[in-house]
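Structural overview for review
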Amino acid sequence: MTPRNRCTASGLAIALLLLSPLSPAEGRPARVAQLPNGSVFGCASCHERASGGGALNSFGQQVDDAYLSPAGVVLWGPELAALDADDDGATNGEELGDPEGVWAMGDPAPGDAEAVTNPGDPASRPPDTTPTAVQSTTWSRLKMLVQSILE
Ligand SMILES: [Ca+2]
């Protein structure tokens, strides 16, 4: 291939890339590294299909709607971490192991990967840690006992 042909072929490849109809719903594997513990669910963090592409789940839609930089990089931070995309009672940050939204791309994965749940799937959520009535009652009695001792 002559240098001119190589240049023409490169130009054609670039033109095809620029003209390809990328929709927001197409998978972008690089985004997996733009979420804390993004590798746990991979493409299924944002897509209905585990292999990526196609329909976005509620978290993917939330990211696509308001948390992408002009270059298409996920803007992970306290604001996105505090939202609950799948409305399951756990914030996106709690589900991805970064409740405060302080993780940054390139940082080690935060928290325990085995505790990570899918922020776009309401059936995948952290275990409920709300104290039971018995635990609350016991705690309440313990507080009253301590208060009576201190008074
Ligand atoms: Ca959630």
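Residues numbered from 1 in each chain as written. Predicted model: local features only at pLDDT ≥ 70, side-chain atom pairs only at ≥ 80, totals over all residues.

A look at the overall build of the protein
Keep this limit in mind: By definition, any uninterrupted DSSP run of H or I lasting at least four residues is a helix, any uninterrupted run of E lasting at least two residues is a strand, and each is numbered from the N terminus. Working definition of a contact: two residues with C-beta atoms, positioned from the backbone, lying within 7 Å.
From N to C terminus, the protein includes 6 helices and 0 strands. For the protein, the α and β elements follow one another from N to C terminus as α-α-α-α-α-α. Taking all contacts inside the protein whose residues are at least 6 apart in sequence as the whole, residues at least 24 apart take part in 45%.

A closer look at unusual backbone geometry
A positive phi angle is found at asparagine 37, which is not glycine, with a value near 55°. As for its position among the elements, asparagine 37 is in the loop between α1 (3-19) and α2 (38-41).

Concerning the confidence of the model for the protein
Short version of the rule: pLDDT is a per-residue confidence score from the predictor, ranging from 0 to 100.
Mean pLDDT over the protein: 84, with 82% of residues reaching 70 or higher. Predicted confidence is poor over residues 6-25, with pLDDT under 50, and the contacts of this stretch with residues over four places away or in other chains come to 5 contacts.

What about the environment of threonine 91?
For the record, the criterion: Residues with at least 20 neighbouring C-beta atoms inside 10 Å of their own are called buried, those with 12 or fewer are called exposed, and the rest are partly exposed, where every C-beta is derived from the backbone.
The residue threonine 91 is located in the loop between α4 (78-82) and α5 (92-96) in this model. Here threonine 91 falls in the buried class, since 20 other C-beta atoms lie within 10 Å of it. C-alpha separation for the pair threonine 91 and proline 126, spaced 35 residues apart in sequence, amounts to 9.8 Å. When residues no more than four places from it in sequence are discounted, the contact partners of threonine 91 are Ala81, Ala82, Leu83, Asp84 and Pro99.

Some points on helix α6 (residues 133-150)
Our working definition: A helix's residues, less one, multiplied by 1.5 Å, set its expected span.
Across its 18 residues, α6 extends 26 Å between first and last C-alpha, which sits within 8% of the 26 Å expected from 1.5 Å per residue. Along α6, only 0 of the 18 residues are buried, which leaves the element largely exposed.

Re helix α3 (residues 58-66)
For an α-helix, the turn length of 3.6 residues means that residues three or four places apart are oriented alike. Listed in full, the buried residues belonging to α3 are Ser58, Phe59, Gly60, Gln62 and Val63. Buried residues along α3 sit against α5.

Section: the nonpolar core
Note the threshold: We define the nonpolar core as any set of buried residues of the types Ala, Val, Leu, Ile, Met, Phe, Trp, Tyr and Cys, connected via C-beta atoms lying within 7 Å of each other.
Core analysis: the biggest nonpolar cluster contains 18 residues, and Leu35, Cys43, Cys46, Phe59, Val63, Val74 and Trp76 have the highest contact counts within it. Listing elements by their share of this core, those giving two or more residues are α2, α3 and α4. The residues touching phenylalanine 59, leaving out its near neighbours within four places in the chain, are Ser45, Cys46, Ala85, Asp86, Asn92, Pro119 and Gly120.

Examining the environment of alanine 104
Mapped onto the elements, alanine 104 comes out in the loop between α5 and α6. C-alpha separation for the pair alanine 104 and proline 36, spaced 68 residues apart in sequence, amounts to 7.6 Å.

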